[in-house]
Amino acid sequence: MAHTNLQFKTNYVIDSKIEPFYKGGKVQISKDEKYIFCTCESRVNVLEISTGKIVHSVEHDDQEDITSFALSCDDEMLVTASRALLLKQWDWRQAQCIRSWRAIHTVPVASMTFDSTSTLVATGGCDGTIKLWDVVKQYCTHNLKGSSGVVHLVQFHPDISKLQLFSSSLDCGIRLWDLSSSQCVCVLQSHYSAVTSLSFSPDGDTMVSSGRDKICTVWDLKARKAKRTVPVYEAVEGVVLLPENEDLSQIGVMSKDLHFITAGSKGVMRVWEASTARCVYAQTLSEEEEYEEKDDDPRSLTYLIFLPASSRLATVTAEHNIVLYQLPGLTTQQQFVGYNDEVLDVKFLGKEDSHIVVATNSCQLKVFELLTNSCQILYGHTDTVLSLDVFKKGFLFASCAKDRSVRVWQMDSDSGQVHCVAQGSNHTNAVGSITCSRMKASFIVSGSQDCTLKVWDLPEDLSKTGADIHQLSPRATEKAHDKDVNSVAVSPNDKLLASGSQDRTAKLWSLAGDGNVGMLGVFRGHRRGVWAVCFSPVDQVLASSSADGATKLWSLQDFSCLKTFEGHDASVLKVVFVSRGTQLLTSGSDGLVKLWTIKTNECVKTLDAHQDKVWGLQANRKDDKMVTGSADSNITVWVDVTEVELAEEQAKQEDQILKQQELSNLLHEKKYLKALGLAISLDQPRTVLTVIKAIRQVENSSELLEKTVLKLRVDQKESLLRYCVVWNTNARNCQDAQAVLQVLLTHLPPEELLKYQGARAHFEGLIPYTERHMQRIGNLLQASMFLNYMWQKMRVAGAPSSMGQDEEMDTTPLAQPFFMIEKEKGMESGDEEKQDGDDSDGGQGDDPNCPVPEKKEEEEEEEEEEEDDEVSASKKAATNDGLVENGGSTKTNGNHHSESEESSDEEGLEEAQTVKLMKRLPVSSVLQGQTFAS
C-alpha cells in the first residue's frame, strides 16, 4: 500500500510560462544585439534573445499605456512616454526609474529617438511639435514647431556634427531641421502617404525613405533632392540599406551599386537595386506558406531592423511575431511569438518532450522549443486550428481546423524542423476534434460539426512520401451524433473509439479490421454537452467531462456510470488520466486545473494559474510534467512535486519545529547567546526579536545585551543590523531596535559597520523612523508636563481647609528622563510632525495594571499588525531610503503635508492623546530611562 501511495500525484508547480510580451507598437534591439525591447500595453518588456525569456520589465506607476520609448545608443538609458504625458528615464537593468518629468506636449508622444551620443532625445508629439531633451543636464533644448498633425517619425542624422533632425507627420513631407538655429531648412516632398522609415548610407550623404504609398525614394542629402523613386507595389513599413562590402550574391546583389531591402504589407522581404529600380531578390515561401497576397494580411511586416554586428535582419509581423534572419541567405534563425491570442490546444512534442505544439485562435500552428522559447510557425491551414493530437513516439502529430481539413505533420528528429506530410479534406463543416492511433502511426480519427466521424488511414512510412504532401481519403465515415462532435479518443489497443458530443452523450465504437465503424453502446447521464472523452491506460474505463461541471467514469462493459467528480464551478473542458490510471486531471472554463484521486473521489489539488478557460491540457509520456493552455493567452508547463520532495519539505518543517523547541529551552535556561545565534540561523526577524525582548527583561539588561551581541559572529551581527531596520519601523519594537543599535554603534568602528552588506542603505533607512520616534517622545514629554500640572491643580482645589496657604506645590515632573532627551536632541514644540496611526498607538505603552476591555481581541489585532509591519518593513525602509537620497524631505504614508496642516492636525491629536493618557497610562512608565542611538 505504501508503494501504491508513492505513485500518486499530490501537487504540481509551475516550471515555465510562455506569456504575451508584445501586443503591437515599437520594437527596438539593443546595440549589443542581446535584447529586444518592445511595448506591451503599460509595460516595456526586455526579451533576452538567447533564452527567449523576459528578463526585465518597466512600467509607469500610473499604469497608463506607454505610447513610445527609446533606448540610447550605448544601451544604458531607456526613456518612456505614457498617455499621462509623463516621460521617465530608467535604469532598465534594475527596473528603476531614475527621474521623471512632464513632456510639455499637450497630447501623447507618438515617436522618440536618441542621437548617436546618447545625450539628446527627441520626442514627436500628436500635437505637431518636436521637443529635444538633454538627458544629462536634464532640460529641454529645443521646441520645434511647424509640422502638421501627428509627428510619427523622428530620426537624427547619423553624423551628429551636422546637428540635423529629420521628421515626418501627416502632411507626408520629410522635414529637415537645423538644430543650431532651431529652424526647418527644407521639406523633402516625394511621398503621397505616410513616411514609415528612413535609412542612411555610411557616409551620410544618401538617404532612402519608405512610405505606405508603395514607393521608396533615394535622396541626395547634399543637394537635398530626390535621386530616384522606386515603385515597390506594396505599402512599405521598413527599409534598410544593405552593407556595401559583403558578399550578398545569394540575395541578388551582383554589383557595388546601392541596394536596399524592403518589408511591407505582402509579408515578404525584397531586395532592390537603387540605380535601376529593379527587384533583384524576393523571399520565397514554402508550399505550406503560400497564400493569396492581400494588403491587409495579418502576416504583413510592420518593422524591419538591421543588426550590423551579426549581419542579421529582424522583422515584426502584424501578428506580433518577431523573426530574425541571417544574411547573406536570409535564412530564418529565430522566431518569437509576442502574443498568442486564445490558446485552444497544446501538446508535448519531440525527443524528451523538448517542444510543445500550440493551436491558437489562428490558422497557424506554433511549435515552441521550451529551452529557448524560440518558435517555429507552421502554415498550411486556412482557418482557425481547433484541435491537436500526437502519436506515441512524439515526432508525428495531427491537426484539424475550421477549414474542414485534417493535416499530419512530422518533426525532424535532428534539426527539429516540422513540415506537413499529409492532408485530407472531406468533412462538410468545421473539424473540432482529432485523435491518433495509439500503438503505431497507422490512422487518425476526426470528429466534426457535421456530426460525423471519419477514420483516415496513413501510409506505412510517411517519411518516404518525399516533398509532396500525401493526400488522405477517409476509409470510414459514420453519422455519429445529432449535434457537434466535440471530442474523439482511441483506446490504448487501437480497437475502440469513443466520441463525445454536444447532444449530451458519449458513445463507444468498434474499430473493426474491415474498415467499418460499429457502435457498441451509449453513455447517458450528463445534463449538458460532453466536451472531452479519454480512455484509461490500464482499466476498462472511459472518462468524460461536460458543460454541466461534472466528470464521470464509465464502465466499458455495461456502460454504467461508476463515479462522478464534481468540483468545477463551470464547464469541464478537458480530462486526462495520470498515475497509471489511478488519478485524473481536469481543466475547466473557471480557469482551474484539478487533480483527483479516483479511489477516494477526492480532489487532491486545485491549481490556479490561468484567468480564463483552460482549453489545453496534457500530461507528457513520462507522466512527470503537464502543460496547460488557456484563453488568457498563457501557456504553462508544470512539473510534478514527487513524494520525495514533499518528504524533504516536511523534514524541513519538522526541523524548524525542533529548533523552535530548542530555542524555548535555551531561553528558559537563560543561555541567551546560544538562543540568539539559533534564532538568527532561522532567519526569522520576529523570533530574534523575542530573544532580544527576553534579554532586556532581566536584571542588568544593558550589560547582558552588550555582552551577548558583541560575542556574535560578523555575519550574525550583519543579520541583526538588517533586522533592526525592520523592527525600527514599528513603534512597539523601536526600543529594542535602538538598544541593539546602541551596542553596535558604540562598540564597533564605522569602517567595520560599512563593510556589512547594504549597511549604508540600512542606516539611511533608520534615520527617518528614528526621527519620528524622537518626535513622539517630545510629544509625550509635553503631555506628561501638562498632566503633572493638572494633577497638582486638582490636589490644590480638593485640599482640606487645614492646608496652609503658604504650603508649596510640588512641581517636579513625573518623567524626569524626558528632560534629558529633550536637552540632548534639542527638541522644540514647533518641530512636531504629524504621526501616523501606527506611531501614535505605539507611543502609548502597555500597562499590565491598566484594565482594558476585550483585551484578547486587542492583543490579536496587535499581533496581526506586527505581522503586517514585519512583512512591509523592508518596503518602508526602501521608501524612506529613497526620500533621504532625494534631499531628505519627509513623506508620511505617501502624502506630503504642509506645516499648517501638521500644526492643525497636531492640536486635535494632542487633545486626544491627553485624554487617552489620563484614562490609561502612567506616563512615567513609558520609555523611562531609554535613550536613542544618534
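Just so it is clear, the structure is predicted and the values come from calculations on it, not from any experiment.

Our focus in this paragraph is the overall build of the protein chain. Counting its secondary structure elements, the protein chain contains 13 helices and 57 strands. Here the protein chain holds 934 residues, and the buried ones make up 51% of them. The long-range fraction of contacts in the protein chain, counting pairs at least 24 apart against all pairs at least 6 apart in sequence, stands at 48%.

What follows deals with the sheet that holds strand β11 (residues 120–125). The strand order across the open sheet built from 4 strands is β10-β11-β12-β13, with neighbouring strands paired in antiparallel fashion. With partners counted over all chains shown, the strands left at the sheet margins are β10 (109–114) and β13 (139–145), one partner each. Sheet twist, expressed as the average angle between the axes of neighbouring strands with direction ignored, equals 20 degrees. Direction of pairing for β11 relative to strand β12 (residues 129–134): antiparallel, over a ladder of 5 bridges. In the sheet register, G124 faces β12, and the bridge partner there is I130.

A separate point is the pattern of salt bridges. Inspection of the entire model under this criterion finds 23 salt bridges. The partner of K23 in a salt bridge is E41, and the shortest N-O contact between them spans 3.3 Å. Here K23 is found in the loop between β1 (12–18) and β2 (27–29), whereas its partner E41 is found in the loop between β3 (35–40) and β4 (43–48), with 18 residues between them in sequence. Since its relative accessible area comes to 33%, K23 is described here as partly exposed. Residue classification places E41 among the partly exposed positions, given a relative accessible area of 44%.

Moving on to the packing of helix α5 (residues 701–710) against helix α7 (residues 734–747). For the pair α5 and α7, interaxial distance at closest approach is 10 Å and the crossing angle is 60 degrees. Of the two elements, α5 crosses α7, and the hand of that crossing is right-handed. Across from L705, E706, V709 and L710 in α5, the residues of α7 making contact are A739, V740, V743, L744 and H747. Looking at the contact of α5 with α7, its residues break down into 7 nonpolar, 1 polar and 1 charged.

Note on soluble globular proteins: their nonpolar side chains tend to be buried together. Counting residues in hydrophobic clusters, the biggest one holds 35 residues, and the most contacted among them are V688, L720 and W727. Elements with a minimum of two residues in this core: α2 (643–668), α3 (672–681), α4 (685–695), α5, α6 (714–727), α7 and α9 (759–797). Top element by residues in this core is α6. It accounts for 7 residues.

Going through the model one piece at a time under the given rule, you end up with 0 disulfides. Between C40, a cysteine without a disulfide, and C38, which holds the nearest cysteine sulfur, the sulfur-to-sulfur distance is 7.5 Å.

What follows is about the pairing of strand β32 (residues 365–369). Among the 5 residues in β32, 4 count as buried, and that is most of the element. Of the pairings in the sheet, the one linking strand β31 (residues 355–360) to β32 comprises 5 bridges and is antiparallel in character. Its bridge partner lying in β32, A359 is registered against L365. Here β31 folds back onto β32, and the loop between the two strands holds 4 residues.

On the surface, a nonpolar cluster with roughly 280 Å² of combined accessible area is contributed by F786, Y789 and M790. Using a relative accessible area of 41% as the deciding quantity, one classes F786 as partly exposed.

Okay, the packing of aromatic side chains next. Applying the stated criterion to the full structure yields 10 aromatic pairs. For the ring pair Y35 and W92, a centre distance of 5.4 Å and an interplane angle of 70 degrees mean the geometry is edge-to-face. With Y35 in strand β3 and W92 in the loop between β8 (86–91) and β9 (96–102), this residue pair connects regions lying 57 residues apart in the sequence. Arranged with centres 5.4 Å apart and planes meeting at 55 degrees, the rings of F166 and F200 form a pair that is tilted. Placement of F166 in strand β15 (residues 164–168) and of F200 in strand β18 (residues 195–200) is noted, with a sequence separation of 34 residues between them. For the pair F166 and F200, one class covers both residues: buried.

Quick look at the sheet that holds β8 now. Read across the open sheet, the 4 strands follow the order β6-β7-β8-β9; overall the sheet is antiparallel. Among the strands making up the open sheet, the edge pair consists of β6 (66–71) and β9. Across the sheet, the mean angle from the axis of one strand to that of its neighbour is 20 degrees, orientation sign disregarded. Strand direction decides the pairing type here: β8 and β9, joined by 6 bridges, are antiparallel. Each bridged residue has a counterpart across the sheet, and for Q89 the counterpart in β9 is R99.

In this section: the environment of T564. When you line up the elements, T564 lands in strand β50 (residues 561–566). A relative accessible area of 27% means that T564 is categorised as partly exposed. Among the polar contacts made by the side chain of T564, one reaches the side chain of K552 at a distance of 3.1 Å.

This brings us to the environment of S168. Along the polypeptide, S168 turns up in strand β15. Each C-alpha atom of the pair S168 and Q155 lies 9.3 Å from the other, and the pair is 13 residues apart in sequence. S168 has contacts with V150, V151, H152, L153, G173 and V195, leaving out every residue within four places of it along the chain. Within the structure, S168 has its side chain in polar contact with the backbone oxygen of G173 (distance 3.1 Å).

Let us now look at a negative patch on the surface. On the surface, D61, D62, E64 and D65 cluster together into a patch of negative charge. Among the secondary structure elements, D62 is positioned in the loop between β5 (54–59) and β6. Assessed through its relative accessible area of 37%, D62 is described here as partly exposed.

Between L327 and P328 the backbone carries a cis peptide bond, its omega angle lying at 10 degrees. Note that P328 resides in the loop between β28 (321–326) and β29 (331–337). Phi is positive for H320, close to 70 degrees, though the residue is something other than glycine. Along the polypeptide, H320 turns up in the loop between β27 (312–317) and β28. In the Ramachandran plot, F559 falls in the positive-phi region, its phi being about 60 degrees despite a non-glycine side chain. Checked against the element boundaries, F559 lands in the loop between β49 (550–555) and β50.

Positionally, H60 belongs in the loop between β5 and β6. Residue H60 is classed as buried on the basis of its relative accessible area, which comes to 2%. At a separation of 2.7 Å, a polar atom in the side chain of H60 contacts the side chain of T80. A distance of 3.5 Å separates the side chain of H60 from the side chain of S82, its partner in a polar contact. In this view, H60 contacts S42, I66, T80, A81, S82, L86, K88 and W90; residues no more than four positions away in its chain are not counted.

Cut-offs applied
Residues numbered from 1 in each chain as written. Predicted model: local features only at pLDDT ≥ 70, side-chain atom pairs only at ≥ 80, totals over all residues. Heavy atoms only, no water. Helix = DSSP H or I, 4+ residues; strand = E, 2+ residues; numbered from the N terminus. Buried < 20%, exposed > 50% of the residue type's maximum accessible area, 1.4 Å probe, protein only. Contact = heavy atoms within 4.5 Å. Pairing = 2+ DSSP bridges. Axes fitted to C-alpha atoms, helices over the stretch in contact; angles between N-to-C directions. Salt bridge = Lys/Arg side-chain N within 4 Å of Asp/Glu carboxyl O. Left-handed = near helix turned anticlockwise from the far one by under 90°. Nonpolar A, V, L, I, M, F, W, Y, C, P; charged D, E, K, R; others polar. Core = buried A, V, L, I, M, F, W, Y, C linked by side-chain atoms within 4.5 Å. Disulfide = S-S within 2.5 Å. Patch = residues over 30% accessible without salt bridge, like charges linked within 9 Å, V, L, I, M, F, W, Y side chains within 5 Å. Areas by Shrake-Rupley, 256 points an atom, 1.4 Å probe, with all protein chains shown as cover. Phe/Tyr/Trp six-rings, centres within 6.5 Å; stacked < 30°, edge-to-face > 60°. Polar contact = N/O pair within 3.5 Å; in protein donor to acceptor, adjacent residues only side chain to side chain. Lys, Arg positive; Asp, Glu negative; His and termini not counted. Charge placed at Lys NZ, Arg CZ, Asp CG, Glu CD.

In short, geometric facts, not functional conclusions.
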